[in-house]
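Geometric and topological summary
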Amino acid sequence: MFLKWGAQSRSPLNEEKRFLKNIWTKPPTHIPNDVSVDAPLMGNGDVTMSVGFKEDRLRYYLSKNDFWRLRSKADGLSGPRVIGFVDVSVNGFNGGEFSAEQSLENGVTSCVLHKDRQNVTARSWVSATENLIFIELTAVGKATKVSIRLTAPEHQHARLKSGKANNVYWLTRSFVDSVDISTEVAVALKTFNHKDSTVLLQPGKKIVIGLSIESKFKNTKPLDDAFNQISKLDERSIATVMNKHNNWWKRYWSKSNIAVEDPVLMKAYYQGLYTMAACSRDPKFPPGIFGWTTTDNPAWNGDYHLNYNFQAPFYALYAANRLEQGEPHDAPLLDFIPRGEWYAHQITHTRGILYPVGIGPLGIEVTRNFPTYEKEAGGLFLDNVLMLHTDCSIWHNSGAALTMKSMVKRYILMRWLWLISGKIT
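Everything numeric here is computed off the predicted structure, so don't read it as measured data.

**Structural notes on the sheet that holds strand S14 (residues 159-165)**
On the basis of which strands lie adjacent, the open sheet formed by 9 strands has the order S2-S9-S10-S11-S12-S18-S16-S15-S14 and antiparallel pairing. In the strand order of this sheet, the two ends are held by strand S2 (21-24) and S14, each with one partner. Within this sheet the neighbouring strands show an average axis-to-axis angle of 15°, counted without direction. Both strand S16 (residues 183-191) and strand S18 (residues 206-215) contribute to a ladder of 7 bridges, which runs antiparallel. Bridging across to S18, Thr-191 finds its partner in Ile-209. Of the strands in this sheet, strand S12 (132-140), S14, strand S15 (168-175), S16 and S18 touch helix H1 (residues 222-231), which is tilted by about 20° from S16.

**Some points on the nonpolar core**
Core analysis: the biggest nonpolar cluster contains 82 residues, and Leu-58, Leu-62, Val-86 and Leu-211 have the highest contact counts within it. When residues of this core are assigned to their parent elements, the largest contribution, 8 residues, is made by helix H3 (residues 263-279). In contact with Val-86, not counting residues within four places along its chain, are Leu-58, Arg-59, Tyr-60, Leu-62, Ile-135, Ile-148, Arg-149, Leu-150, Leu-189 and Leu-211.

**Things to note about the environment of Glu-324**
With respect to the helices and strands, Glu-324 occurs in helix H4 (residues 323-326). Through-space distance from the C-alpha of Glu-324 to that of Ala-277 is 8.8 Å; in sequence the pair is 47 residues apart. Setting aside anything within four residues of it in sequence, one finds Glu-324 in contact with Trp-248, Ser-280 and Arg-281.

**A short note on the sheet that holds strand S5 (residues 57-64)**
Taken together, the 6 strands give an open sheet; going across it, the order is S3-S4-S5-S8-S13-S17, and neighbouring strands pair in antiparallel fashion. Unpaired on one side and paired on the other, strand S3 (41-43) and strand S17 (198-201) mark the two borders of the sheet. Across the sheet, the mean angle separating the axes of adjacent strands is 20° when strand polarity is ignored. Note: strand S4 (residues 47-54) against S5, 8 bridges, orientation antiparallel. Bridge pairing in S5 links Ser-50 to Tyr-61. On top of the sheet, H3 reaches S3 and S4; it is set at about 45° to S3, its chief contact.

Calculation rules
- Residues numbered from 1 in each chain as written.
- Predicted model: local features only at pLDDT ≥ 70, side-chain atom pairs only at ≥ 80, totals over all residues.
- Heavy atoms only, no water.
- Pairing = 2+ DSSP bridges.
- Helix = DSSP H or I, 4+ residues; strand = E, 2+ residues; numbered from the N terminus.
- Axes fitted to C-alpha atoms, helices over the stretch in contact; angles between N-to-C directions.
- Contact = heavy atoms within 4.5 Å.
- Core = buried A, V, L, I, M, F, W, Y, C linked by side-chain atoms within 4.5 Å.
- Buried < 20%, exposed > 50% of the residue type's maximum accessible area, 1.4 Å probe, protein only.

The structure is reproduced here in structure tokens:
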């Protein structure tokens, strides 16, 4: 194995592009999904996107790390939520073939639809430096009618608004009712070289779709921000955004690299670093348990699962010199300290902190009052006074050490009392 670490390291992605890419020869089958998806994954550490194909429609699933329904309540009432969808319907391609290729070098993903000697290619990428998304459509063979639609799922808890102004389609989605912290996200979409949502795509020509996404956590008027960002762009400025995008990825890959003789291991290593670059860069909102959200019902509330699931994706980042991607890990743990202190004091009567298995951002507790367990205190699942159910995790810091120390002392004392009273042998 060969390892280099530091800002001047050369990336093997420049030398081994032949296998540092992802290939699909058929449509993904697990998208949308309440757990992980098997589709192309794109993102900039804040905005994330995945893509699937069914019948004659490419669907791009939009998500954002800070778009949650934030309520300290279990059973599907909390968790990350999908923002919405960009649907690209290609007339006459029902039952067509699908393939896709994604470069780990910069995340650019090309989906190719093929039917009867006709191809349509959709090339997409999420800007690494701004919350912008671009999709370029091209055709080979003959002219093809393409319809573009921005939409979002209906949900009893969500407020959805949409419209069109100055050839820009927009929508907002929010969770403000019966929540502890309200959330809102906005999307603005326009086609740069066509004004209509249904276009005849001519061979040798292209349709460029651009999206801007923002949340209320980042801007108090997210729709205004998204609208302004997309309105000031044109085809010429897209090239500037792409140049900044590629430079960001070059800097990212130059931070360290390894070379091993086994191409499978090497691909897996760089695949992991690519994935974390695409989903982990917001200091206050790390990715949830599945990273990419494609539904409003993610399993386990899409939480930060503290048995090991939350921590594991961050293990290799520090040795790999990807510190910016590792930074978001601590934020939800720190934000939950007041509640962790409450649990330690009220449940185990100890000092320190005690955490449930599932938490969310900003101190939100997604396992509170979980109905599955008969014996429950808040979000902690108890078998008896002294033993904790396996769905309770103790965060490993100085506060947790105090909790463990106190619990061990109490356990030893109680066993000794039981022993001398004859209750155990």
